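Residue-level listing of the chains:
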Amino acid sequence: MSAVYFHAAAVLDRVLARRGSVKHLVLSNKIAENKKKLYALVCQTLKHYSLLQKIMSAAAFLQEEPSLSTNIAAVVLYDFLFGRGLRCGGKLKAAVYRQKDCLRTAMEQLKGSEEERKTDVRLPRYVRVNTLKTTWDDAVGHFQQRKWTLSENESQSSGRCFRQDNHVPHLMVFPTGTDLHDDPMYVSGQVILQDKASCLSAFLLSPPPGSNVIDACAAPGNKTSHLASLMKNKGSIFAFDIDGSRLETMRELMVRAGATCCKMKRANFLRIKPEDYKDVEYILVDPSCSGSGIVSHVERTIEKGETPQWRIEKLAQFQLSVLLHALRFPSARRVVYSTCSIHKEENEEVVKKALKSNPNFTLVHALPEWPRRGLPLFSTAEYCVRTSTEDETQGFFVAVFERKTTEPKIALKVKTRQKTKQRKHRSVVD
Ligand code: SAM
């Protein structure tokens, strides 16, 4: 049982040494049995990390228990003081129990001042209803049974109230800090915890059922399962990722999400031959990026740091090569490019270069009512969407490319939430 603590401490060691993100390190852990639990434990420990350190110091815990490392102590004490109680026996449990009174006293004394000190950006909890497995109404009913109230007020998601998102269909907005990791609908894949901004990519690609789609850099696949849901599992999604372990996780998540139209392959997308995918009309390009837009409450202080300029430039080169490759697919009619970066080098500058060398493509004015647009680095930059924490979501960037055609122009109309209960989600008019 104590294995989870040792895995969590190992992840913490690496995260704090800036040797990877929590997500990546947990996903690439080949031994841990329950990655979800491991991820949650590491995140929660990080969230309370400074307080845990103060508690350890006030209780002289490590001096009393010198055989424990700081990070093993941190994860164990998180569970003991803030979590569900200890999940181990033996020496770890004995160590904690020897000091339990001092630890509890220190926690009580320090907790209040720590709460006051917190100035973290708090984003709502977004919950995407997976229409492959359930319906909006059933999901609403499920939460109502659990004493949640669906608020009609467009800005209210507090207390035990949740609401419908104003832009992305089938997206629920719960109050900040709502933990649904144990909710049966989440466990069974009927709902997916996905930030609003990250839902925009699939929503704006909007492939109709029956389409042939490529997800160029797909793992762990939240956007892929969203695409499958929009396509009602009809058609094909060819999902590539270069990273085998991320792809393994993705396979599990796709099973859980019931995304059966997805064909996953470990591959370098840059080596995929466009002529082998002659029928693909929709392509999602969501390549690796600096992640500078991610301001998760949990990872922000630990992982953010400033990405050095050379790294941003290297990423931008890679992102451009992936986007240019996508635009080479002979039948590609719509290509969405997205990143969770806030750097213009990874966003507008990539798009500008791609447009310059692909005069047969143009940008679509995506989500016209959205207030935050691309930085004015080229004439149609305002067609791009930017998001920020001021919009209650992560920092994100999306651009929608469409092939120019002499036939009647493809218009992407994305309807946002109407006041009516029944909403039409989007329509693509050819
Ligand atoms: N779209 C994913 C989702 O929503 O879950 C997230 C994708 S993540 C931002 C970028 C992914 O690109 C990583 O999983 C990485 O392994 C993958 N990747 C990096 N280089 C690649 C390449 N040359 N070909 C395919 N995938 C690549």
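Residues numbered from 1 in each chain as written. Predicted model: local features only at pLDDT ≥ 70, side-chain atom pairs only at ≥ 80, totals over all residues. Heavy atoms only, no water.

1. Regarding the site of the ligand
Rule in force here: Note on definitions. A residue lies near a molecule or strand when any single heavy atom of the residue is within 4 Å of it. Here a polar contact is recorded for every N or O atom pair within 3.5 Å, except that within protein the pair must consist of a potential hydrogen donor and a potential acceptor, and residues adjacent in sequence are included only if both atoms are side-chain atoms. What sets the accessible areas is the Shrake-Rupley method with a 1.4 Å probe; for residues, cover comes only from the shown protein chains. Any residue that is not Ala, Val, Leu, Ile, Met, Phe, Trp, Tyr, Cys, Pro, Asp, Glu, Lys or Arg is counted as polar, Gly included; the first ten are nonpolar and the last four charged.
Gly221, Asp241, Arg246, Asn268 and Asp286 are the nearest of the 19 residues found near the ligand. Take Pro220: an N or O atom from its main chain is 3.4 Å from an oxygen atom of the ligand. For the ligand, whose free accessible area comes to 600 Å², the fraction covered by protein is 88%. The residue makeup of the shell around the ligand, split by class, is 10 nonpolar, four polar and five charged.

2. Brief notes about the environment of Glu369
For the record, the criterion: Labels follow the DSSP assignment, with helices taken as runs of H or I lasting at least four residues and strands as runs of E lasting at least two, numbered in each case from the N terminus. Partly exposed describes any residue whose relative accessible area lies between the buried limit of under 20% and the exposed limit of over 50%, with all areas from a 1.4 Å probe on protein chains only and scaled to the type maximum.
Turning to its location among the elements, Glu369 is positioned in the loop between β11 (361-364) and β12 (385-387). The class for Glu369 is partly exposed, based on a relative accessible area of 37%. Sequence spacing of Glu369 and His167 is 202 residues, and the spatial spacing of their C-alpha atoms is 9.3 Å.

3. Some remarks on unusual backbone geometry
Generally, phi is negative for residues other than glycine and the peptide bonds are trans, each holding for most cases. The amide bond that connects Ala219 to the next residue, Pro220, takes the cis arrangement and shows omega of 5°. On the secondary structure map, Pro220 appears in the loop between β6 (211-215) and α12 (222-230). Although it is not a glycine, Lys147 adopts a positive phi angle of roughly 70°. Note on placement: Lys147 falls in the loop between α9 (136-145) and β2 (149-150). Residue classification places Lys147 among the exposed residues on the basis of a relative accessible area of 66%. Notably, Leu367 is not glycine yet its phi reads approximately 45°, a positive angle. Structurally, Leu367 is set in the loop between β11 and β12. Judged by its relative accessible area of 1%, Leu367 is buried.

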